[in-house]
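Residue strings, one per chain:
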Amino acid sequence: MTPIIDANVQPHFRYNAEIRRYLPDAHKLRSIPDVEQQWYQAPGGDYRQDLYGENYPGSDPETVSRHLFSQGVDYAILNPLTRGNIADYLLNSRICAAVNDWLLDRWLEPDSTNRFRGTMRVNPEDPKGAVAEIERLATHPKLVQVGVPMQSREPYGKPMFEPIWEAAAAHGLPVAVHINGGNGVDHPPTFAGHAHTYPGYAAFMPLNYFVHLATLIVEGVFGRHPRLKFVFADGGYDILTPLMWRLDTFWLSMRDQTPWVDRYPSEYLPGHVRFCSSAFDGPVDAGKMQRWMDFTGKSDLLMYGSSYPHWSTSTPGVMAEGLDGPQRDKVLWRNASELYGLAVRESAL
Amino acid sequence: MVQQVPTRRFVCSLDELPPGGMKLVDVGKFGVGVYNVHGALYAIVNYCSHEGAPLCLGLIGGTNESAPQSPDRMRRVRDGQIVRCPWHNWEYDVTTGQNVADPRRRVRTYQVDVSDGEVYLTA
C-alpha cells in the first residue's frame, strides 16, 4: 500500500475556553475571539457535521488517530489555528505561545504513535515576538514548521517580516501559511473586496497566497534566504501556472527594477514553495489532471492535505484521482517526506 | 528563400557616429543598427526577438544589477551598451546581442569595422 502523509490536519481545543489554561496570568481575563467566530461560515458549521459532539471536532487525539491512521495515513502534520490577527499584537503573541504549549501538552508529547508532527504558531504582526517564539521551540523534534495566517495587513515579502523568515530558515523550518482569522484585523478576502456569501469567500480566499508568494520572490526574500521554504496550506496550486506565467512575463520586461531576481520567478518554486491540496482545486475532469500537474512542475510542489476535520475534508483516493504513478507517489507522500524529513514505513514501499 | 550573402558596405564616416550614437542601416528585411559604445562599434538587427518590434529605435543606456550593500540594493552598470525595446522594455546588450534577463533569447549581431575614418558593416 502507498505510504500517505497528510500535510494538513487541524487539531482543535475541546472547547473554546481551553486555551485560557495555557495563557499567562496577566492575560487570563482578556476577551479573545472564539474559533468559528466570523461572518463567512459553512452552513451547519465549518467542520464535518458528523464530528460535532460534546467537544469540538478534531479535539480528541485518539479519535483523530483512529480516523486518519486506520485509513492508511502514516504521518499527520498538525496545523492548529489561533484566533487570527487581533488588534492587540502582544496579546496575540501570547495566544500563539498558548496554542503551541497546548499542542505539545495535549497532542505531541503524549503521542505514543509517533505519527503526529506539529506547527508552531507565531504572530507576524509582532516580528520580535515571533522570532523569540521560534527560538524557544525550534529544537523540539516534533515541531516541524512555523505557522502564520494567510490574512495579513502587508504581503509577506515586505521587509518587516524578514527576520521571522530568516529565523525559520536558520532552523530549517518551513513556514506554513493557512487561512486563520476573520476577526477584523484583515484585508477583504478577495482582491476586489468582500464576497457576498460563503461560496465566494471559500472559492477565492485561498488565492491570496499568490500575493505573498509574488512578493517573496520579487522583493528578493527567497534569493536572500536559500533555505527558506513556504507551504501554502489552503490549496490553490491549480491556478499557480497562469499566475507564474504573468510574473515571468513581467520580469522579462522590467527585470531592471528588481535586479536581485536573477532568474525567471517561476524558477524559485522548486527550492522554496510547496502547496497542500484542497478539495476545491484542480480540473473537474480528472482526465486533464496529469497534464495540468506537469505545467510549472506542480507535481513536485503538491502535498496531500486532508483539512480534517474541516467540512471540505478530502481523502487520499479522491486527491490522487487522475494522477499517474509517479505523480501519485509525490503528492501522497514523497514531497512531504522530503520537506519534513519523515521516513515512511519500509513495508509501505 | 534565397539567403542573402553578407556584403561589406559603407555606413557613414566615423565623425557621424560619435560615442553614444546609432545609425540605422537599410539592409535586409528589418534594417541593422550600428552603435558606437564608448568608441567601439557594434551592430544588431533592428528586430526584437520577442514580437518583432524595431528594437534599435529603443533607448540606449545602462542596466541595473543587484548590489546588496547599497541602500537601494542595486547599481547602474554596462552604461551605453543596453538597448531597451520600445514596445515591451526587453533589454539587450548590443555588444553581444544577448537579452539581459535571459541570455538564451538573443538578437543577431553583425561585424563592423573602421577603415580610414569610415564605418563599414558586413550584413
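Everything here concerns the structure above.
Residues numbered from 1 in each chain as written. Chains lettered and ligands numbered in written order. Predicted model: local features only at pLDDT ≥ 70, side-chain atom pairs only at ≥ 80, totals over all residues. Heavy atoms only, no water.

(A) Fine view of the overall build of chain A. Counting its regular elements, chain A contains twelve helices and eight strands. Relative to the 2.2 N^0.38 estimate, which gives 20 Å for 349 residues, the radius of gyration of chain A is 19 Å and therefore close to what a compact globule would have. Expressed as a percentage of the 349 residues in chain A, the buried residues total 58%. Residue pairs at least 24 apart in sequence account for 79% of intrachain contacts in chain A once pairs closer than 6 positions are excluded. When the accessible surface of chain A is totalled, it reaches about 14400 Å², and 55% of it is carbon and sulfur. Charged side chains of chain A number 32 positive and 40 negative; the gap between the two group centres comes to 2 Å. (Helix = DSSP H or I, 4+ residues; strand = E, 2+ residues; numbered from the N terminus. Rg over C-alpha atoms; globule rule 2.2 N^0.38 Å. Buried < 20%, exposed > 50% of the residue type's maximum accessible area, 1.4 Å probe, protein only. Contact = heavy atoms within 4.5 Å. Areas by Shrake-Rupley, 256 points an atom, 1.4 Å probe, with all protein chains shown as cover. Lys, Arg positive; Asp, Glu negative; His and termini not counted. Charge placed at Lys NZ, Arg CZ, Asp CG, Glu CD.)

(B) Examining the interface of chain A and chain B more closely. Chain A puts twelve residues into the contact, and the matching count from chain B is 18 residues. A combined buried area of about 1200 Å² lies between chain A and chain B, and 49% of that area is made up of carbon and sulfur atoms. For the chain A face of the interface with chain B, the top three residues by lost area are A:Leu252, A:Arg255 and A:Asp256, together amounting to 41%. The tally of links from chain A across to chain B stands at two salt bridges. (Buried area = accessible area lost by both parts, 1.4 Å probe. Salt bridge = Lys/Arg side-chain N within 4 Å of Asp/Glu carboxyl O.)

(C) Summary view of the environment of A:Leu269. Residues and elements named next belong to chain A. Summarising the element assignment, Leu 269 is placed in helix α9 (residues 269–272). On the basis of relative accessible area, Leu 269 is assigned to the buried category, the value being 1%. When the C-alpha atoms of Leu 269 and Asp 300 are compared, they prove to be 9.4 Å apart, with 31 residues separating the residues in sequence. Excluding residues that lie within four positions of it along the chain, Leu 269 makes contacts with Leu 213, Leu 240, Met 244, Arg 274, Thr 296 and Leu 301.

(D) Representation of the pairing of strand β2 (residues 22–25) of chain B. Residue and element names in this part refer to chain B. Inspection of the sheet shows β2 paired to strand β3 (residues 32–37) by four bridges, in the antiparallel sense. The residue bridging Lys 23 from the neighbouring strand is Val 34, located in β3. Linking β2 to β3, which pair antiparallel, is a turn of six residues; within it Gly 28 sits at a positive phi near 70 degrees. (Pairing = 2+ DSSP bridges.)

(E) Region of interest: the side chain of A:Asp248. Here A:Asp248 is to be found in helix α8 (residues 240–254). B:Arg105 is the oppositely charged side chain nearest to the buried, salt-bridge-free A:Asp248, at an N-O distance of 8.2 Å. In this structure, A:Asp248 is in contact with A:Tyr264, A:Pro265 and A:Ser266, ignoring residues within four places of it in sequence.

(F) Expanded view of the sheet that holds strand β1 (residues 8–13) of chain B. Residues and elements named next belong to chain B. Pairing within the open sheet is antiparallel, and its six strands lie in the order β1-β10-β9-β4-β3-β2. Each edge of the sheet is formed by a strand with only one pairing partner; in this case those strands are β1 and β2. Averaged over neighbouring strand pairs, the angle between their axes works out to 30 degrees when direction is ignored. Relative to strand β10 (residues 118–122), strand β9 (residues 109–115) runs antiparallel, the two sharing five bridges. Along β10, the bridge assignment pairs Val 112 with Leu 121. (Axes fitted to C-alpha atoms, helices over the stretch in contact; angles between N-to-C directions.)

(G) How the structure looks around the sheet that holds strand β5 (residues 175–178) of chain A. Residues and elements named next belong to chain A. Spatially, eight strands are ordered β1-β2-β3-β4-β5-β6-β7-β8 in an open sheet, and the strand pairing comes out parallel. Two strands close off the open sheet at either side, each with one partner strand: β1 (5–9) and β8 (302–303). In this structure, strand β2 (residues 75–78) lies alongside strand β3 (residues 116–121), joined through three bridges in parallel fashion. Of the residues in β3, the one forming a bridge with Leu 78 is Gly 118.

(H) The arrangement of the packing of aromatic side chains in detail. Throughout the structure, instances matching the rule amount to 25 aromatic pairs over all chains. Ring centres of A:Tyr156 and A:Phe161 lie 5.1 Å apart, and the angle between their planes is 85 degrees; this geometry places the pair in the edge-to-face category. When sorted by exposure, A:Tyr156 lands in the same class as A:Phe161, which is buried. Among the aromatic side chains, those forming a connected cluster through ring pairs are A:Tyr156, A:Phe161, A:Trp165, A:Tyr209, A:Phe210, A:Phe222, A:Phe230, A:Phe232 and A:Phe275. Just above the ring of B:Tyr120 sits the side chain of B:Arg8; from NZ or CZ to the centre is 4.0 Å. (Phe/Tyr/Trp six-rings, centres within 6.5 Å; stacked < 30°, edge-to-face > 60°. Lys NZ or Arg CZ within 6 Å of the ring centre and 35° of its normal.)

(I) Structural context of helix α2 (residues 89–108) of chain A. All names here are of chain A. When the terminal C-alpha atoms of α2 are compared, their 26 Å separation across 20 residues agrees well with the 28 Å that a helix rising 1.5 Å per residue should span. Burial analysis of α2 places 15 of its 20 residues in the buried class, the great majority of the element. Taking the backbone nitrogen of Leu 90 as reference, a side-chain oxygen 3.1 Å away marks Asp 88 as the first, capping residue of α2. (Expected span 1.5 Å × (residues − 1). Polar contact = N/O pair within 3.5 Å; in protein donor to acceptor, adjacent residues only side chain to side chain.)

(J) How the structure looks around helix α1 (residues 61–69) of chain A. Among the residues making up α1(A), those that are buried are A:Pro61, A:Val64, A:Ser65, A:Leu68 and A:Phe69. Buried positions in α1(A), seen along its axis, are confined to an arc of 105 degrees and lie on one side of it. (Arc of directions from axis to C-beta.)

(K) Fine view of unusual backbone geometry. Of the consecutive residues A:Tyr308 and A:Pro309, the connecting peptide bond is found in the cis state with omega at 5 degrees. Mapping A:Pro309 onto the fold places it in the loop between β8 and α11 (316–319). You will see that A:Ser307, though not glycine, has its phi angle at about 65 degrees, which is positive. Inspection of the secondary structure puts A:Ser307 in the loop between β8 and α11. Here A:Ser307 falls in the buried class, since its relative accessible area comes to 12%. Positive phi, normally seen in glycine, also occurs at B:Asn89, with a value near 70 degrees. In this structure, B:Asn89 sits in the loop between β6 (74–84) and β7 (91–93).

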